[in-house]
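# Topology and contacts: notes
This is what each chain is made of:
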Amino acid sequence: MTLDRFYPIFDHSDWLRRMLPLGIRLVQLRIKDQPPESVREEIALSRDLCRAHGAVLVVNDHWQEAIELGCDWLHLGQEDLDSADLAAIRRAGIKLGVSTHDDDELERVLAMAPDYVALGPVYPTILKKMKWHQQGLPRVSEWKARVGAVPLVAIGGMTVERASGAFAAGADIVSAVTDITLNADPEARLREWLEATR
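Residues numbered from 1 in each chain as written. Predicted model: local features only at pLDDT ≥ 70, side-chain atom pairs only at ≥ 80, totals over all residues. Heavy atoms only, no water.

## Quick look at unusual backbone geometry
For the bond running from glycine 120 to proline 121, omega is -10 degrees, close enough to zero to count as cis. Along the chain, proline 121 falls in the loop between strand E6 (116-119) and helix H7 (137-147). At aspartate 33, a residue that is not glycine, the phi angle is positive and equals roughly 55 degrees. Mapped onto the secondary structure, aspartate 33 falls in the loop between strand E2 (26-29) and helix H2 (36-53). Here the phi dihedral of alanine 113 falls at roughly 55 degrees; this positive angle occurs in a residue that is not glycine. Locating alanine 113 in the fold gives a position in the loop between helix H6 (103-110) and E6. Taking the relative accessible area as the measure of exposure, alanine 113 reaches 51% and is therefore exposed. (Helix = DSSP H or I, 4+ residues; strand = E, 2+ residues; numbered from the N terminus. Buried < 20%, exposed > 50% of the residue type's maximum accessible area, 1.4 Å probe, protein only.)

Quick look at the structure:
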């Protein structure tokens, strides 16, 4: 299957209820610092919402819950790779996307035959503290040359206005978080994203 070029990330199913009807086809649920029962409930709700709207749900980090709840996609950060049971994830038929930031991480990830590779932060980001300031568009081009046919996701400081540059540099997919969630009118901003990526 071909993943959509626009990949928003949200931290709660309430966002999916608001945004899925607008036409998103690919979305990540990134839940942090919640009790296990809340995590399971949120993943199950989000799975059902996405299926009802024909969208692909990618679960961030919570690989055991993704397996147990029959999810189709999982995203793991580098720190998550150390504790995740990759064999169990593959046996469950779950497709896997992985974050990368430097050469060693990319080599490690490519050996896993990922279903997509994310590179970030392309631009400075306010979402989380990172030791990488910004990768820049030349790095996007370099990464695309190295990953080949594997879809490349550009993430970090992405805005509608920066999307075309990321695509031109070689990104297959552009991901956004705070450009939507911190906008005064998130629905209007999401529509702008859809116009820019379809």
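After that view, the rundown keeps rolling.
## What to know about the pairing of strand E4 (residues 73-76)
Covered by surrounding structure in E4 are Trp73 and His75 together with Leu74 and Leu76, the residues of both alternating faces. Sheet topology places strand E3 (residues 56-60) next to E4; 3 bridges connect them, and they run parallel. Along E4, the bridge assignment pairs asparagine 60 with histidine 75. For the handedness criterion, the β-α-β arrangement of E3, helix H3 (residues 63-68) and E4 is classed as right-handed. (Pairing = 2+ DSSP bridges. Right-handed = clockwise from strand over helix to strand, strands pointing away.)

## Some details on the packing of aromatic side chains
Applying the stated rule across the entire model yields 4 aromatic pairs. Between phenylalanine 6 and tryptophan 193, the ring centres sit 5.1 Å apart and the planes meet at 10 degrees, which makes this aromatic pair stacked. Taken as a pair, phenylalanine 6 in strand E1 (residues 6-10) and tryptophan 193 in helix H10 (residues 186-197) lie far apart in primary sequence, 187 residues in all. Taking relative accessible area as the criterion, tryptophan 193 reaches 0% and is therefore assigned buried. Note on phenylalanine 10 and tryptophan 15: the rings are 5.4 Å apart at their centroids and 10 degrees apart in plane angle, and the pair reads as stacked. Overall, phenylalanine 10 belongs to the buried group, its relative accessible area being 1%. Joined through ring pairs, the aromatic side chains of Tyr7, Trp73 and Tyr116 make up one cluster. The side chain of arginine 146 reaches across the aromatic face of tryptophan 143, ending 5.2 Å from its centre. Residue placement shows arginine 162 over the ring face of tyrosine 123; its charged tip is 4.0 Å from the ring centre. (Phe/Tyr/Trp six-rings, centres within 6.5 Å; stacked < 30°, edge-to-face > 60°. Lys NZ or Arg CZ within 6 Å of the ring centre and 35° of its normal.)

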